[in-house]
Amino acid sequence: MNFTCLIVETRDKVGLITLNRPKQLNALSDVLMDELAEALTAFDRDAGIGAVVLTGSDKAFAAGADIAGMKDLGWMDAYQGNLISRNWDRVREFRKPLIAAVAGFALGGGCELAMMCDMIFAADNAQFGQPEVKLGILPGAGGTQRLPRAVGKAKAMDMCLTARMMDAQEAERAGLVSRVIPRERLLDEALSAARTMAGFSLPVVMMIKESIQRAFEVPLAEGLLFERRSFHAAFGLADKQEGMAAFLEKRPPNFRNA
Ligand code: HXC
């Protein structure tokens, strides 16, 4: 597929998707989100890919959903057109590890897109915010749900209701991001973490991701049962035999994703 708003590359077992609408600070247009859904679907199907990094530019991961594209939409356009659900939801359905490598602005839908990923690595110039209230709308891609789960009610209310931004250091303290990295090393560190994950057994990595996702969906007893059944299932993998044998034989494991 020819992408107009993305640069899509592979680095060995790692997929790298760069949002590429620099003039609009990577504003997330419908076309861009269609392309992102397409690129992620292809990486999910590609057995050679073990993890994906999603990034933007030094100035902006993404400054939000595309305001120009939404300006003339009415309720029926949004509802009948299934705005957001139609393409954005593909991101949360992606089954392999997905790192958001965020430099600069991650605002509105940009912050929400980062939060749909499995972890956020932030450059030291990253700024997170949900400024939709200033436009007469509210976060519509999970901001009111994922942000409080990440940073707690007080900070989520503060950000969504006053539109203030949170810098990288505060975001790390609050639990929104897993690492803060000097801007010039952001991509290398994200690719390196992705390479590490892609070197493990793919089915095991996918089961870990799925189990942690369940923690946000179901009561503890159900989540524990889901984890236990997945744990039992891992005993059916040749990779489990290999991983344990390699440890005991003091050699690196050779996982075959089986
Ligand atoms: C469309 C955008 C945009 C956006 C920036 N641009 N953000 N276009 N949609 N979300 C465009 C500007 O219009 C401008 O175009 C160019 O990018 C550069 O932006 P400037 O404002 O000149 O840059 P700067 O002064 O550095 O300010 C950066 C900024 C500001 C603070 C990030 O651009 C800003 O406040 N952007 C809007 C942030 C926002 O409200 N996001 C939420 C969107 S709603 P020209 O042509 O003038 O050069 C949303 C809803 C989510 O995300 C709901 C579900 C998805």
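Rules of the game
Residues numbered from 1 in each chain as written. Predicted model: local features only at pLDDT ≥ 70, side-chain atom pairs only at ≥ 80, totals over all residues. Heavy atoms only, no water. Pairing = 2+ DSSP bridges. Helix = DSSP H or I, 4+ residues; strand = E, 2+ residues; numbered from the N terminus. Axes fitted to C-alpha atoms, helices over the stretch in contact; angles between N-to-C directions. Near = heavy atom within 4 Å. Polar contact = N/O pair within 3.5 Å; in protein donor to acceptor, adjacent residues only side chain to side chain. Areas by Shrake-Rupley, 256 points an atom, 1.4 Å probe, with all protein chains shown as cover. Nonpolar A, V, L, I, M, F, W, Y, C, P; charged D, E, K, R; others polar. Phe/Tyr/Trp six-rings, centres within 6.5 Å; stacked < 30°, edge-to-face > 60°. Buried < 20%, exposed > 50% of the residue type's maximum accessible area, 1.4 Å probe, protein only. Lys NZ or Arg CZ within 6 Å of the ring centre and 35° of its normal.

1. What about the sheet that holds strand β1 (residues 6-11)?
A sheet is described by the order of its strands in space; here six strands give the open sequence β1-β2-β3-β5-β7-β10, paired in mixed fashion. Where the open sheet ends on each side, the last strands, each with one partner, are β1 and β10 (179-181). Sheet twist, expressed as the mean angle between neighbouring strand axes with direction ignored, is 20°.

2. Structural notes on the site of the ligand
Close contacts around the ligand come from 24 residues, with K59, A63, A65, I67 and G109 the closest. Take K59: an N or O atom from its side chain is 2.9 Å from an oxygen atom of the ligand. Coverage of the ligand by the protein chains reaches 62% of its 1,000 Å² of free accessible surface. Mapped by element, the contributors of at least two residues to the shell around the ligand are α2 (67-70), β6 (105-107) and α5 (109-116). Split by residue class, the shell around the ligand holds 14 nonpolar, five polar and five charged.

3. Here's the deal with the packing of aromatic side chains
The tally for this structure, following the rule as stated, stands at two aromatic pairs. Measuring from centroid to centroid gives 4.9 Å for W75 and Y79, while their planes differ by 10°, and the two rings are stacked. Of this pair, W75 and Y79 are both found in helix α3 (residues 75-80), four residues apart, which corresponds to roughly one turn of the helix. Of the residues examined, W75 reaches a relative accessible area of 63% and is grouped as exposed. According to the relative accessible area criterion, Y79 is exposed, its value standing at 57%. Centre to centre, the rings of F231 and F235 are 5.1 Å apart; their planes meet at 65°, and the pair counts as edge-to-face. R214 extends its terminal NZ or CZ atom over the ring of F226, reaching a point 5.4 Å from the ring centre.

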